[in-house]
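The primary structure of each chain is shown beneath.
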Amino acid sequence: MRAGGEAPHQVLGRLRFLLQCSECFRRARALPAALCYVPREVQYKICKDPAAAAAAAARSLLSVWDSPGPARGGKRAARATIEVRKGGCLRATGEEYCNGAGLWVKLSKEQLEEYAGRRDLAEGWLLAQRFGEGGDKLVPVESAEKIQWQRQTLGVDYKPAVSWEQVVDLTYSVRLGEKPRLVEQDEAAVQKFRSVPPGWSYEHDVELGRFLYNHSERELQCGDCIKEHLSSIDVSSQVEDCGAAHLTDNEKHTFWESNGPPGQHWVRLNMKKGTIVKKLWLMLDERNSSYVPRRVAVYGGAPNRLQHLRTVLINENSFQDVCILRDMKTHFPVLEIRILECRDQGYNVRLRGIKIRSFWEWDLILNADMFQPARLVRYPLLEGVDADVLYRRAVLIQRFVQLLDSVLHYLIPFPEDSIGTFKALRSMKPFLLLSKQSAALIAHCLQSSESTPPDTPPNLYINRQLAREHRANPALDPSCRNAVFTQLYESLRSSKGNQPLDYRWPLTYDQWWKCEFITEGIIDNGGGFRDSLSDVSEELCPSSGNVPVPLPFFVRTSNQGNSSSNTRDMYVPNPSCKDFPKYEWIGQLIGAALRSKEFLVLALPALVWKQLAGEEVSWSKDFAAVDLELVKLLEVLEGVDREAFEFMFGRELTYTTVLSDQRVVELIPNGRSTVVRYEDRKEFIRLVQKARLEESKEQIAAMRAGLLRVVPQPVLDLLTWQQLEKKVCGDPEITVAELWKFITFEDSPSNNTCIQNFLEALNNFTSEDLSRFLKFVTGRSRLPVQISVYLNLDALDLMPEASTCSCTFFLPNYSSAKACEELLRYAMYNCMSIDTDKNPWDE
């Protein structure tokens, strides 16, 4: 569906449809039948594989299975065989299924009886397209006889609706004249799509969307693509000691050198079955210009049927790695790089190496085998759900996002003229992660709202010695005038001859001001500026929980003193602080960080980021990151019986609550002296939730106002709160080497086998996994924090335990690094306090 080519009635129809889908997602209801549409019958034609030896055969034999399978490497006997003559067509149902083996189509009982003479099978499945192995393909077509009949009977322009997109447009668009008829739908297949899994909720769909995003092409982590996806390399010729092996040895000082006539040099990459190359680079050798390629051509295909893919003219002044191929959609068994010409009319060619970014074909296409238990461990809501259920639900999410993409530019028209159109679909923001249009729209909005940066940045004088003294004892300076934050703010306000900064500069403008640090000999070419931003971050939200907060704008959450919480390093805007101009400036700095490559690290919970991004907040989900004990207490209060209520609270519970700044506020007039009665407890709960959720409402509104002075409203409409946080604060990258510095093993030698297994398991963790481990043990997501590890060699392959209060990790003895990795990852993502079957210290 191409964005921008829709008629007005289509756009309006799709908007109506998206609103209906949005409500169904939110309330976990069956999605509209149009989104789930599957035609009852589809004609397929066989496309012969030109590389196959039997391509010229007059017939094809197709195997039929009773269910989609086998997956790659599986062995299972087919239930029947169907013979299709060359150029012939095959009728099947419109139901499709994709797994690791490829794309499957379903045959009905009647179709099986017609083609295979089998009456004992209720259904059958054909492999329409095999992943990674080539072969014949089944392609949906309209038969010539059917097209001719339609034209004779219904007119030349007649074409029935056979796709779900057409069904959406015909069902929800208002149009004059007679509508084309719909091809009858496959009721059973549609019902499979429409059926809502038991216990399913909007949060499950959001988590599934996050899974799909994390397993999309742009987010998948590539390992060693050369090792995983390259079978072998052939070259046209080579000089002794400068052979083809140097193309993949990752050494900077070695190279492959050809040894033959000019114009006949080539490198041939033999790819493993199922690989799709997304980027291919040549690594040039800069030591002699005449050996550097000037013009290269890339060919791909079967060894005996190579097709030209691309010709590249390499910049004469470039000695960097050169990308010569990108974004291939299909597997090529062979990629051949032909060096057509060298610089300075050189005779032979030298290459330091080649680099490949590639994936397995089955990892790039939505299929049921994506939902393996090992992959779902990071997504607790999806664990235990049948893979087929997740696959069908994921297909519907993909369809929804595809339709949303087609009208997204209508919802977000212009950076300065937006009137909040997107609010109607605010609950669908998490699915924008999957959008192919949102990134381009965000870039366009930011670029079109840029301002011209100042010729020279303002020069500011900062005394960091006074700032350090203030941090050590903020009580000595209640005005905070010596903090770096205040010095910057006041200097920018009072700098003569300088216009107020608007921070809407191009991405390439990387220094907002220059710092001259008093008594320090630094010349600020960017480093001093970045130091000042780091100082501001540390003053607003200190990374250590053991130091005073030097500024009044944020206060520590209640969870920082709660050892049972897994979010112990967060801050919220101070409800008592009414210095709104400074909150606006903080919002401007957040916007400036979003537009630039700089970071402003603010440890704020989702409750704050969601409000900055314009998303809805949830008491149970979002406020738990602020005050988990209060959330649990109110849950108990709501479910308690009268007797237990009287026993627990008596006449001590009044209409008051404690805010994050430790102030006690009344929820109703004269609330301090009004006792909460049992029958009024739900109203009391509502008032507490409202007061706490809105306690920092004014401060967040001021921050958002400052943010919107720098970043257009449509950008915030298109960003999820997670994306906003990541763009502003950066990715909290944690490496094993950094983490290891803060781990102390109590009474255990570092060469212990158990410790080595633990280290190997950590080395297999992603940065997100390491952050989760840190949160599991300490309740914090960022370093520095000291961790004590105690070993129990008698406890074999048990779940690990942790005490976030003392930052202590209890490490059982694991039989292997793999066992340690699997059990630890499960614990980190599924529970933050684990009761194992038996206590390891009871042995």
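Residues numbered from 1 in each chain as written. Predicted model: local features only at pLDDT ≥ 70, side-chain atom pairs only at ≥ 80, totals over all residues. Heavy atoms only, no water.

A.B. asks: What's the story with the overall build of the chain in this structure? I'm lost.
C.D. replies: In terms of helices and strands, the chain carries 27 helices and 27 strands. Put simply, the chain has 843 residues, and 50% of those count as buried. Considering only contacts in the chain between residues 6 or more positions apart, those separated by 24 or more positions represent 71%. For the chain, the exposed area adds up to about 40600 Å²; of that, 49% sits on carbon and sulfur atoms. (Helix = DSSP H or I, 4+ residues; strand = E, 2+ residues; numbered from the N terminus. Buried < 20%, exposed > 50% of the residue type's maximum accessible area, 1.4 Å probe, protein only. Contact = heavy atoms within 4.5 Å. Areas by Shrake-Rupley, 256 points an atom, 1.4 Å probe, with all protein chains shown as cover.)

A.B. asks: Before we go on, may I ask you to explain the packing of helix 4 (residues 164-172) against helix 10 (residues 387-411) in this structure?
C.D. replies: For any two helices packed against each other, the geometry comes down to the angle between their axes and how far apart the axes lie. It is the contact of helix 4 with helix 10, at a shortest axis distance of 11 Å, that shows an interaxial angle of 60°. Relative to helix 10, helix 4 is oriented oblique. Handedness of the helix 4/helix 10 crossing: right-handed. Side by side, helix 4 and helix 10 meet where Trp164, Glu165 and Val168 of the first sit next to Arg399, Gln402 and Leu403 of the second. By residue class, the composition of the contact of helix 4 with helix 10 is 3 nonpolar, 1 polar and 2 charged. (Axes fitted to C-alpha atoms, helices over the stretch in contact; angles between N-to-C directions. Parallel < 35°, antiparallel > 145°, perpendicular 65-115°, else oblique. Left-handed = near helix turned anticlockwise from the far one by under 90°. Nonpolar A, V, L, I, M, F, W, Y, C, P; charged D, E, K, R; others polar.)

A.B. asks: Honestly, the sheet that holds strand 15 (residues 322-326) in this entry has me stumped. Any pointers?
C.D. replies: Note on sheets: strands pair through backbone hydrogen bonds, and any given pair is parallel or antiparallel. Taken in spatial order, the 4 strands of this open sheet run 10-17-12-15, and their pairing is antiparallel. Of all the strands in the sheet, the pair left with one neighbour each is strand 10 (256-257) and strand 15. Alignment of strand 10 against strand 17 (residues 350-360), held across 2 bridges, turns out to be antiparallel. Note that in strand 17 the partner of Glu257 across the bridge is Arg350. (Pairing = 2+ DSSP bridges.)

A.B. asks: Any chance you could explain the sheet that holds strand 13 (residues 293-302) here in plain terms?
C.D. replies: Pairing is antiparallel across the open sheet formed by 5 strands, whose spatial order is 9-11-16-13-14. Looking at which strands have only one partner, the edges of the open sheet turn out to be strand 9 (230-235) and strand 14 (305-313). Across the sheet, the axes of successive neighbouring strands diverge by a mean angle of 20°, strand direction being ignored.

A.B. asks: How should the side chain of Glu257 be read in this particular structure?
C.D. replies: Structurally, Glu257 is set in strand 10. Classification of Glu257 as buried rests on a relative accessible area of 10%. Here Arg350 takes part through its side chain, which lies 3.0 Å from a polar atom of the side chain of Glu257. Those residues in contact with Glu257 that lie beyond four places of it in its chain are Ser237, Gln238, Val239, Cys242, Tyr291, Val349 and Arg350. (Polar contact = N/O pair within 3.5 Å; in protein donor to acceptor, adjacent residues only side chain to side chain.)

A.B. asks: Would you mind going over the pattern of salt bridges with me for this structure?
C.D. replies: When their charged atoms lie close together, side chains carrying opposite charge are able to pair. Under the counting rule described, the total for this entry stands at 44 salt bridges. The partner of Glu341 in a salt bridge is Arg295, with the nearest N and O atoms 3.4 Å apart. One end of the pair, Glu341, is in strand 16 (residues 334-342); the other, Arg295, is in strand 13, with 46 residues separating them in the sequence. Among the residues examined, Arg295 registers a relative accessible area of 32% and is labelled partly exposed. A single salt-bridge network, built from bridges that share partners, covers Arg464, Arg471, Asp531, Asp535 and Glu539. (Salt bridge = Lys/Arg side-chain N within 4 Å of Asp/Glu carboxyl O.)

A.B. asks: I tried to follow the packing of helix 15 (residues 580-595) against helix 23 (residues 721-729) on my own but got confused; where do I start?
C.D. replies: At a minimum axis separation of 7 Å, helix 15 and helix 23 run at an interaxial angle of 85°. Relative to helix 23, helix 15 is oriented roughly perpendicular. Where helix 15 abuts helix 23, its residues Ile590, Ala593 and Leu594 lie against Leu724, Lys727 and Val728. Residues of the contact of helix 15 with helix 23, tallied by class, amount to 5 nonpolar, no polar and 1 charged.

A.B. asks: Just to check I follow, could you spell out unusual backbone geometry for this structure?
C.D. replies: Working note: non-glycine residues mostly have negative phi, and peptide bonds are mostly trans. Notably, Tyr503 is not glycine yet its phi reads approximately 60°, a positive angle. Here Tyr503 is to be found in the loop between helix 13 (484-494) and strand 19 (514-517). Although it is not a glycine, Gln662 sits at a positive phi angle of roughly 75°. Within the secondary structure, Gln662 is located in the loop between strand 22 (656-658) and strand 23 (664-666). Note on Gln662: relative accessible area 58%, which makes it exposed.

A.B. asks: I tried to follow helix 5 (residues 187-194) on my own but got confused; where do I start?
C.D. replies: The α-helix winds at 3.6 residues per turn, so residues separated by three or four positions along the chain end up facing the same way. Looking at helix 5, one finds that the buried residues are Ala189, Val190 and Phe193. Down the axis of helix 5, the buried set is contained in an arc of 100°. They therefore lie on one face. If you follow the buried residues of helix 5, they end up packed against helix 10. (Arc of directions from axis to C-beta.)

A.B. asks: Would you mind showing me how to read the environment of Leu61 here?
C.D. replies: Mapped onto the elements, Leu61 comes out in strand 2 (residues 59-64). The spacing of Leu61 and Val84 is 23 residues in sequence and 6.4 Å in space, taken between C-alpha atoms. Every residue in contact with Leu61, bar those within four places of it in the chain, is listed here: Thr81, Ile82 and Glu83.

A.B. asks: Teacher, can you tell me more about the nonpolar core here?
C.D. replies: Among soluble globular proteins, nonpolar side chains are generally buried collectively. Ranked by size, the top nonpolar core spans 150 residues in total, and within it Phe371, Tyr503, Trp513, Leu540, Ile586, Ile590 and Trp609 carry the most contacts. Per-element accounting of this core gives the leading share, 13 residues, to helix 10. What Ile590 contacts, discounting residues up to four positions off in sequence, is Leu600, Leu602, Trp609, Leu612, Met703, Leu707 and Val728. (Core = buried A, V, L, I, M, F, W, Y, C linked by side-chain atoms within 4.5 Å.)

A.B. asks: It is not clear to me how a nonpolar patch on the surface should be interpreted in this structure. Could you clarify?
C.D. replies: Taken together, the side chains of Val636, Phe647 and Met648 present a nonpolar region at the surface, about 340 Å² in accessible area. Along the polypeptide, Val636 turns up in helix 18 (residues 628-639). By relative accessible area, Val636 is classed as partly exposed at 42%. (Patch = residues over 30% accessible without salt bridge, like charges linked within 9 Å, V, L, I, M, F, W, Y side chains within 5 Å.)

A.B. asks: Looking at this structure, how should I read the state of the cysteines?
C.D. replies: When the sulfur atoms of two cysteines share a covalent bond, that bond is a disulfide. This model, assessed by the stated rule, comprises 0 disulfides. Here Cys541 is not cross-linked by a disulfide; its sulfur's nearest cysteine counterpart is in Cys729, at 8.6 Å. Take Cys541: its relative accessible area is 5%, and that puts it in the buried class. (Disulfide = S-S within 2.5 Å.)

A.B. asks: So what exactly am I meant to see when it comes to the pairing of strand 17 here?
C.D. replies: Of all the 11 residues making up strand 17, 8 are buried; the element is thus mostly covered by neighbouring parts of the structure. As paired elements, strand 12 (residues 275-284) and strand 17 share 9 bridges and run antiparallel to each other. Of the residues in strand 17, the one forming a bridge with Leu282 is Ile354.

A.B. asks: Is there a simple way to explain empty space enclosed by the protein in this structure?
C.D. replies: With a probe scaled to a water molecule rolled over the atoms, the places where space remains empty come into view. Per the counting criterion, the structure on display carries 3 cavities of 30 Å³ or more. Within this model, the largest cavity holds a volume of roughly 50 Å³. Surrounding the largest cavity, Val572, Pro573, Leu607, Val608, Gln611, Arg692, Leu693, Glu695, Ser696, Lys697 and Ile700 form its lining. Among the elements of the structure, strand 21 (571-573), helix 16 (606-613), helix 20 (681-693) and helix 21 (697-710) are those that each provide at least two residues to the lining of the largest cavity. By residue number, the principal contributor to the lining of the largest cavity is helix 16, which donates 3 residues. A breakdown of the residues in the lining of the largest cavity according to their chemical character gives 6 nonpolar, 2 polar and 3 charged. (1 Å grid on protein atoms, 1.4 Å probe; cavity = no way out; pocket = protein on both sides within 12 Å on 5 of 7 lines; lining within 4 Å. Points joined across faces, edges and corners; volume = space filled by probe spheres on them.)

A.B. asks: Would you mind showing me how to read the confidence of the model for the chain here?
C.D. replies: Low pLDDT means the predicted atomic positions in that stretch should not be read closely. Overall, the prediction assigns the chain a mean pLDDT of 84, with 86% of residues at 70 or greater. Segment residues 153-159 is flagged for pLDDT under 50; beyond a separation of four residues in sequence, or across chains, it makes 5 contacts in the model. (pLDDT = per-residue confidence, 0-100.)

A.B. asks: What am I meant to see in the side chain of Thr93 here?
C.D. replies: Tracing the chain through its elements places Thr93 in the loop between strand 4 (89-92) and strand 5 (96-99). Its relative accessible area of 5% is what places Thr93 among the buried residues. One polar contact links the side chain of Thr93 to the main-chain amide nitrogen of Glu95, over a distance of 3.4 Å. Apart from the residues lying within four places of it in its own chain, the contact partners of Thr93 are Pro39, Arg40, Glu41, Val42, Tyr44, Lys106, Leu107, Ser108, Gln111 and Asp186.

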